[in-house]
Amino acid sequence: MSNRVWIKNTQKKIKIPAGIRILVRRSCNAVLTNENITRPCEISVTFVDNRQIAQLNGQFRNKPVETDVLSFPLGENGQYDTNPETGAMLLGDIVISLEKAQRQSELYGHSLQREVAFLTVHSMYHLLGYDHENGGIEALRMREKEEQALVKLGLPRTASYGVIEDD
């Protein structure tokens, strides 16, 4: 299976760490593998700054504030358009604020790479129709699937969050 992940950087505030593009592609592929999607897929990932993501959030969600990631699925009810040249399913677009991701990685005490991998995995599940907005079992299911993908990537939650042990 040959998935295409198109990656674009439109921000200048955060230097893109070495290996981040490979990690984003691996994150997309980990989700597709978890979901047993065998058809080739195309995904677009764009790195932006806080101003750009706030503008997009206002334009498309009527929430003109910065957020960490936005997902723009192209499919509906499991049906996706197909690239006529390649036969690949067009899953949609992921937009990540590297500025916000950097801040969150510092807040949570893990690397920017781990944060970008999480945001990519999270957004991929949105592109595939998963949602957590209403909470409950659906949100729990999405979190479990995200964790499975992160474990595949060698970035489980336990590897990035400190554990305090009682004496």
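The structure this text deals with has already been given above.
Presented here is a report on the structure given in the accompanying data block. Keep in mind the model is a prediction, meaning the values are calculated, not measured.

Glancing now at the overall build of the protein. Looking only at helices and strands, the protein features 6 helices and 4 strands. Secondary structure elements of the protein, listed N to C terminal, follow the sequence β-α-β-α-β-β-α-α-α-α. When the backbone C-alpha atoms are referred to their principal axes, the protein occupies close to 60 × 35 × 35 Å. A buried classification covers 49% of the 167 residues belonging to the protein. On the protein, roughly 9400 Å² of surface is accessible, and the fraction owed to carbon and sulfur atoms is 49%. Between the mean site of the 20 positive side-chain charges and the mean site of the 21 negative ones, the protein shows a separation of 7 Å.

The two faces of the sheet receive side chains in turn, since in a regular strand these alternate between them. Counting buried positions along strand E2 (residues 41-48) yields 7 of 8 residues, so the element is predominantly enclosed. Note that strand E1 (residues 4-9) and E2 share 6 bridges and pair parallel. By the bridge assignment for E2, Val5 is matched with Ile43. One crossover worth recording links E1 to the parallel E2 by way of helix H1 (residues 20-34), and it is left-handed. Of the strand pairs in this sheet, E2 and strand E4 (residues 89-97) are connected by 8 bridges, and their pairing is parallel. Paired with Ile43 across the bridge in E4 is Gly92.

Formed by 40 residues in total, the largest nonpolar core has its most connected members in Ile43, Phe47, Leu91, Val116 and Met124. At the level of secondary structure, the elements contributing two or more residues to this core comprise E1, H1, E2, E4, helix H3 (98-108), helix H4 (112-127) and helix H5 (136-152). Broken down by element, this core gets its largest block of residues, 9 residues, from H4. When residues no more than four places from it in sequence are discounted, the contact partners of Met124 are Cys28, Val31, Leu32, Ile43, Leu91 and Ile94.

Bringing the sheet that holds strand E3 (residues 69-73) into the picture now. Read across the sheet, 4 strands follow the order E1-E2-E4-E3 without closing on themselves; strand pairing throughout is mixed. The strands lining the two open edges of the sheet, one partner per strand, are E1 and E3. Strand after strand, the sheet turns through a mean of 15° between neighbouring axes, direction not considered. The pairing of E3 with E4 spans 5 bridges and is classified as antiparallel. Bridge pairing links Pro73 to Gly92 in E4. Against the sheet, H3 makes contact with E2 and E4, and its axis sits at roughly 65° relative to E4, the strand it touches most.

Within the structure shown, the criterion is met by 2 aromatic pairs. Seen in terms of ring centroids, Phe60 and Phe72 are 5.1 Å apart; in terms of plane orientation they differ by 70°. Their pairing is edge-to-face. Taken together, the residues Phe60 in helix H2 (residues 50-61) and Phe72 in strand E3 connect sequence positions 12 residues apart. By relative accessible area, Phe60 is classed as partly exposed at 48%. On the accessibility criterion, Phe72 (21% relative accessible area) is partly exposed. Where Tyr125 meets Tyr130, the ring centres are 5.2 Å apart and the plane angle is 85°; that geometry is what we call edge-to-face.

Cut-offs used in this document
Residues numbered from 1 in each chain as written. Predicted model: local features only at pLDDT ≥ 70, side-chain atom pairs only at ≥ 80, totals over all residues. Heavy atoms only, no water. Helix = DSSP H or I, 4+ residues; strand = E, 2+ residues; numbered from the N terminus. Buried < 20%, exposed > 50% of the residue type's maximum accessible area, 1.4 Å probe, protein only. Areas by Shrake-Rupley, 256 points an atom, 1.4 Å probe, with all protein chains shown as cover. Lys, Arg positive; Asp, Glu negative; His and termini not counted. Charge placed at Lys NZ, Arg CZ, Asp CG, Glu CD. Pairing = 2+ DSSP bridges. Right-handed = clockwise from strand over helix to strand, strands pointing away. Core = buried A, V, L, I, M, F, W, Y, C linked by side-chain atoms within 4.5 Å. Contact = heavy atoms within 4.5 Å. Axes fitted to C-alpha atoms, helices over the stretch in contact; angles between N-to-C directions. Phe/Tyr/Trp six-rings, centres within 6.5 Å; stacked < 30°, edge-to-face > 60°.

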